[in-house]
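Here is how the chains run, residue by residue.
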Amino acid sequence: MTAMTMIEAIRDAHLVAMERDPKVVVFGEDVGYFGGVFRCTHGLQERFGDHRCFDTPISEAGIVGAAVGMAAYGLRPCVEIQFADYMYPAYDQIVSEAARLRHRSAGDFTSPLVIRMPTGGGIYGGQTHSQSPEALFTHVAGLKTVVVSNPYDAKGLLIAAIEDDDPVIFLEPKRVYNGPFDGHHDKPIVPWSKHPLGEVPDGHYTIEIGKARVHREGTDLTVLAYGTLVHVAQAAAEEQGIDAEIIDLRTLVPLDVDAIVHSVQKTGRCLVVHEATRTSGFGAELSAIVQERCLFHLEAPIIRVCGWDTPYPHAHEWSYFPGPERVGNAMQELMKP
Amino acid sequence: MTRDNDKTATPLRLQIPHPARGQHPPDQVRFISRAGEMPKPALDEKVERIALMRKQLVRVLDDDGQAVGPWVPDITTEEKLQGLRNMMLVRSFDARLLRAHRQGKISFYMQSLGEEAIACAQQRALRPGDMHFPTYRQSGLLISAGYPLVTMMNQVLSNELDPLHGRQLPVLYSAKSHGFFSISGNLATQYIQAVGWAMASALSGGTEIASAWIGEGATAESDFHAALVFASTYQAPVILNIVNNHWAISTPEDFARGASATFADRGYGFSIPALRVDGNDYLAVYAASQWAAERARTNLGPTLIEWITLRVGAHSTSDDPSVYRPPNEAESFPLGDPVERLRQHLEFIGEWDEDRHQTLQSEIDTQVAEAFAEAESHGSVKTGDVGSARTMFDDVYAELPRHLLEQRDMLGDSA
């Protein structure tokens, strides 16, 4: 075990995967020589050479399109989109190509690739460095979508994603790269070295794609969360004195429906939280699944706490971000008799 | 919208191209060189010198059917006869399937009429193991590779034996075993994928090269430009084909090309050697493809080729070209018909005659008719013999996830 930040854990996952399989290649903008603007690929080019890890032109369609071709050849590309906000030029390659190649060719060609991208706000990134577009991927048949919240999961899930035979969208909320950020932006962040989930096993291990994790056991209500909001929900529960059960979904597609149903049937109350915009967000899907499968266990209407349906503002990002106060208020609302 | 702040300024005017359409006689095809006129550069010739050829045309067959000049490919008569046969097979196949559409037996079709030489000759000039990333008008690649006609027809019919299980529109084939990448239906996406595939071959120390295909209209898509940047930057072993058949549905080439340029001009800005080649000249296609493939195989990087041809038929069975195409366009097309030109050459060298041609034609027509009868015996999307709808849930993922299992159950067993 080694104490790692999420950045170090992601880098370590690359190291392990590239060491084990010479077919794994890593590329993207500033990914090679420099090691990525967030340093997640630092040292990989030096270690494995520039045929395994290299820089690309600024062309997201080119990065993903080339990755689809490489995967069809038989390699396992793991590419970085510098910010999730930059993925739109690659969206056609993701949706029409990577996601559907296996199906449209009846398994003649496949595209086992990983597309990593940092998501979420809270770094004064404004509208173009803050988005959480997970619902644009979960809506697409053929993609798997993973959102990580901590170093331990990040390493195990990234290795699993690289070894997976389907295209995996791997979302990294940048606000938890360096610690379990709980939404209290005015307080110093706790480093991962002081958090149990910052303890990362050495070498190879995987976490199954499609399995949720109970982040905190509780009996009052269930919080369905992923990414940064897992830690925000924990802070909110502790501050409100509410015994919340917090489910870290980890994978949105395929979704661990059993974990959700088990928890909501136990607590009878459900709060859905995410940083992405509310309308048609993944929370809508979660709310629908809960009412389909747990309606007669519910003692209160499901509540969603999300980003507002506006672009992510630069100066007002903490009014946009669904922080512990908004999440806490929703918990109190849910607990009203 | 008028603003008064500068009354002396010239009002700006937007130019909309107005190429010949409708009842106007067709525009002249530009930059036609004489057969044999163009030099054949060394494989490692400087891109600046090759760029001098981008407003000319590589041609081998002259008006008499004689093969002339430095681009004459070193191939046997046997190989030329094979090329003739392959092109005639594509044409006969298309004719039969178009008839099937008129008979209401298939839902949709796209033919290659007039463009057969490009796919047929390039397939023969490359090697097994190489991978083509085609569009919907390169069925000649499959036919020249010896892919079973019945299997192609099963795909077009979407019947129970369709290898793609009725998931794709007719003619969007996939055949990895025959070097033919799955056709998307979205334009241009395959161009950068071909470059990626070629990069992977080079990264892995492979010996296979890729061939990217695109129509002139789709070169306006950003994926085309991404492909050229990546191909140039990494010197990928790839042939970048642009099939200029002059029409993007109803839109002439002028809209994708720019006022005075050629599509071969696109190569120079990326330092990619580019040729402009007579696409209806089987021998020129063979030679230029061989030249580009040899460059790729010897680590000299990508080659761009603009093939000049004409889409003689409609865009698809859903299209009515009579509304927008000038009359007698094919008859006045200066590069003629690819089948007739190779036939004329074979006659010129004394290896072919009318009798043998008619014999071959009827042999091919019989082969196609028998294949169609067999494919049709397995039903079609029109007769409802399409296999189980439950198969739509297969291959979405490598393994069926829970939500798809549940949805397949909702569809029911009878589907």
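Cut-offs used in this document
Residues numbered from 1 in each chain as written. Chains lettered and ligands numbered in written order. Predicted model: local features only at pLDDT ≥ 70, side-chain atom pairs only at ≥ 80, totals over all residues. Heavy atoms only, no water. Helix = DSSP H or I, 4+ residues; strand = E, 2+ residues; numbered from the N terminus. Rg over C-alpha atoms; globule rule 2.2 N^0.38 Å. Buried < 20%, exposed > 50% of the residue type's maximum accessible area, 1.4 Å probe, protein only. Contact = heavy atoms within 4.5 Å. Areas by Shrake-Rupley, 256 points an atom, 1.4 Å probe, with all protein chains shown as cover. Buried area = accessible area lost by both parts, 1.4 Å probe. Salt bridge = Lys/Arg side-chain N within 4 Å of Asp/Glu carboxyl O. Polar contact = N/O pair within 3.5 Å; in protein donor to acceptor, adjacent residues only side chain to side chain. Nonpolar A, V, L, I, M, F, W, Y, C, P; charged D, E, K, R; others polar. Core = buried A, V, L, I, M, F, W, Y, C linked by side-chain atoms within 4.5 Å. Pairing = 2+ DSSP bridges. Axes fitted to C-alpha atoms, helices over the stretch in contact; angles between N-to-C directions. Right-handed = clockwise from strand over helix to strand, strands pointing away. pLDDT = per-residue confidence, 0-100. Phe/Tyr/Trp six-rings, centres within 6.5 Å; stacked < 30°, edge-to-face > 60°. Disulfide = S-S within 2.5 Å. Patch = residues over 30% accessible without salt bridge, like charges linked within 9 Å, V, L, I, M, F, W, Y side chains within 5 Å.

### Quick notes on the overall build of chain A
Stage number 1. What chain A contains, in helices and strands, is twelve helices and 14 strands.
Stage number 2. Computed over the C-alpha atoms, the radius of gyration of chain A is 19 Å, within 12% of the 20 Å expected from 2.2 N^0.38 for a compact globule of 337 residues.
Stage number 3. Each of the three principal axes of chain A carries a C-alpha extent, and together these read 60 × 45 × 40 Å.
Stage number 4. Out of the 337 residues belonging to chain A, those deemed buried represent 65%.
Stage number 5. Across chain A, contacts joining residues at least 24 apart in sequence account for 78% of those joining residues at least 6 apart.
Stage number 6. Accessible area of chain A: about 12,100 Å², with a carbon and sulfur share of 52%.

### Observations concerning the interface of chain A and chain B
Stage number 1. Each partner contributes to the interface: chain A provides 44 residues, whereas chain B provides 43 residues.
Stage number 2. With both chains or domains summed, chain A and chain B bury close to 3,400 Å², and 60% of this area falls on carbon and sulfur atoms.
Stage number 3. Contact with chain B buries area across many residues of chain A, yet A:Tyr73, A:His103 and A:Arg104 alone supply 22% of it, more than any other trio.
Stage number 4. Taken together, chain A and chain B are joined by two salt bridges.
Stage number 5. Here B:Glu406 makes a salt bridge to A:Arg293, at a shortest N to O gap of 2.8 Å.
Stage number 6. Our count for the contact surface shared by chain A and chain B stands at 22 residue pairs in polar contact (both at pLDDT 80 or more).
Stage number 7. At the level of elements, β3 (53-55), α3 (60-73), α4 (91-98), α5 (101-104) and α9 (257-267) of chain A are the ones that each hand at least two residues to the side of chain A that touches chain B.
Stage number 8. Tallying contributions element by element places α3(A) first for the side of chain A that touches chain B, with ten residues.
Stage number 9. Class assignment of the residues belonging to the side of chain A that touches chain B gives a composition of 21 nonpolar, twelve polar and eleven charged.

### Some words on the nonpolar core
All names here are of chain B.
Stage number 1. Ranked by internal contacts, the top residues of the largest apolar core, which has 82 residues, are Tyr-191, Val-195, Val-238 and Leu-240.
Stage number 2. When near neighbours in sequence (up to four residues on either side) are disregarded, Leu-240 contacts Tyr-191, Val-195, Ala-212, Leu-228, Ala-231, Ile-272, Pro-302, Thr-303, Leu-304 and Ile-305.
Stage number 3. Residues Leu-61, Leu-157, Leu-346 and Ile-364 belong to the second largest nonpolar core, which totals 74 residues.

### Some words on the pattern of salt bridges
Stage number 1. Scanning all chains against the criterion turns up 44 salt bridges over all chains.
Stage number 2. Two residues, B:Arg137 and B:Glu115, come together in a salt bridge whose shortest N-O distance is 3.8 Å. On the criterion of sequence distance, the pair formed by B:Arg137 in the loop between β1 (131-133) and α4 (139-144) and B:Glu115 in the loop between α2 (77-102) and α3 (116-125) is long-range, its members being 22 residues apart. For the pair B:Arg137 and B:Glu115, a shared accessibility class is recorded, and that class is buried.
Stage number 3. A salt bridge links B:Asp281 to B:Arg341, with the nearest nitrogen and oxygen atoms 3.7 Å apart. Within this pair, whereas B:Asp281 is found in the loop between β6 (274-278) and α10 (282-297), its partner B:Arg341 is found in helix α12 (residues 338-348), the two being separated by 60 residues in sequence. Note on accessibility: B:Asp281 and B:Arg341 belong to one class, buried.
Stage number 4. Through salt bridges that share partners, A:Arg102, A:Lys144, A:Asp164 and A:Asp166 make up one connected network.

### Focus: the sheet that holds strand β9 (residues 213-216) of chain A
Residue and element names in this part refer to chain A.
Stage number 1. Sheet architecture is open: five strands sit in the order β9-β11-β10-β13-β14, paired in mixed fashion. Each end of this open sheet is capped by a strand with a single partner; those strands are β9 and β14 (303-307). Direction aside, neighbouring strands of the sheet carry axes that sit 25° apart on average.
Stage number 2. Helix α10 (residues 282-294) rests against β10 (221-225), β13 (270-277) and β14 of the sheet, and its axis sits at about 160° to β13.

### Focus on the pairing of strand β3 (residues 238-244) of chain B
Residue and element names in this part refer to chain B.
Stage number 1. Burial within β3 is extensive, with seven of its seven residues counted as buried.
Stage number 2. Burial along β3 is two-sided: Val-238, Leu-240, Ile-242 and Asn-244 facing one way and Ile-239, Asn-241 and Val-243 facing the other are all buried.
Stage number 3. As defined by bridge partners, strand β2 (residues 210-215) adjoins β3 across six bridges and the pair is classed as parallel. Across the sheet, residue Ala-210 finds its bridge partner in β3, namely Val-238.
Stage number 4. Read as a crossover between parallel neighbours, the route from β2 over helix α7 (residues 222-234) to β3 is right-handed.
Stage number 5. In this structure, β3 lies alongside strand β7 (residues 303-308), joined through six bridges in parallel fashion. The residue of β7 that forms the bridge with Leu-240 is Leu-304.

### So, the confidence of the model for chain A
Stage number 1. Overall, the predicted model of chain A reaches an average pLDDT of 98, with 100% of residues at or above 70.
Stage number 2. Within chain A, β10(A) carries the highest mean pLDDT (99), whereas strand β1 (residues 2-3) of chain A carries the lowest (96).

### Quick word on the environment of B:Val285
Stage number 1. Position of B:Val285 relative to the elements: it lies in helix α10.
Stage number 2. In sequence terms B:Val285 and B:Ile118 are 167 residues apart; their C-alpha atoms lie 6.0 Å from each other.

### With respect to the packing of aromatic side chains
Stage number 1. For the structure shown, the criterion picks out 21 aromatic pairs over all chains.
Stage number 2. Considering the side-chain rings of A:Tyr226 and A:Phe282, the 6.4 Å spacing of their centres and the 75° angle between planes classify their relative orientation as edge-to-face. Remark: A:Phe282 occurs in helix α10 and A:Tyr226 occurs in the loop between β10 and α8 (229-240); sequence separation between them is 56 residues. Here A:Tyr226 and A:Phe282 have matching classes, each one buried.
Stage number 3. Feature note: the residues A:Tyr73, A:Phe109, B:Phe133, B:Phe181 and B:Trp197 constitute an aromatic cluster, connected by ring pairs.

### Details of the state of the cysteines
Residues and elements named next belong to chain A.
Stage number 1. In the structure shown here, the tally under the stated rule is zero disulfides over all chains.
Stage number 2. Distance from the sulfur of Cys-53, which forms no disulfide, to the nearest cysteine sulfur (Cys-78) is 9.8 Å.
Stage number 3. The cysteine Cys-294 is free of any disulfide, with Cys-270 supplying the nearest cysteine sulfur at 7.6 Å.

### Concerning the environment of B:Leu228
Residues and elements named next belong to chain B.
Stage number 1. Structurally, Leu-228 can be placed in helix α7.
Stage number 2. Given a relative accessible area of 0%, Leu-228 falls into the buried group.
Stage number 3. Considered as a pair, Leu-228 and Arg-127 are 101 residues apart in the sequence and their alpha carbons are 23 Å apart.
Stage number 4. Once you skip the residues sitting within four places of it in the chain, Leu-228 turns out to touch Tyr-191, Leu-240, Arg-266, Phe-270, Ile-272 and Leu-304.

### So, the pairing of β14(A)
Residues and elements named next belong to chain A.
Stage number 1. By the criterion of burial, β14 is predominantly enclosed, with four of the five residues buried.
Stage number 2. In terms of strand pairing, β13 meets β14 through four bridges, oriented parallel. Considered in β14, the bridge of Thr-277 is made with Gly-307.
Stage number 3. Traced from β13 through α10 to β14, the parallel crossover comes out right-handed.

### Considerations on the sheet that holds β6(B)
Residue and element names in this part refer to chain B.
Stage number 1. Ordered by their spatial adjacency, five strands build an open sheet running β1-β2-β3-β7-β6, and the pairing between neighbours is parallel. Here the strands that pair on one side only, and so sit at the sheet edges, are β1 and β6. With direction set aside, neighbouring strand axes in the sheet form an average angle of 20°.
Stage number 2. The sheet contacts of α10 involve β3, β6 and β7, and relative to β7 the element is tilted by about 170°.

### Considerations on a nonpolar patch on the surface
Residue and element names in this part refer to chain B.
Stage number 1. The grouping of Leu-14, Ile-16 and Phe-255 at the surface amounts to a nonpolar patch, some 330 Å² of accessible area in total.
Stage number 2. On the secondary structure map, Leu-14 appears in the segment before α1 (47-50).
Stage number 3. Using a relative accessible area of 75% as the deciding quantity, one classes Leu-14 as exposed.

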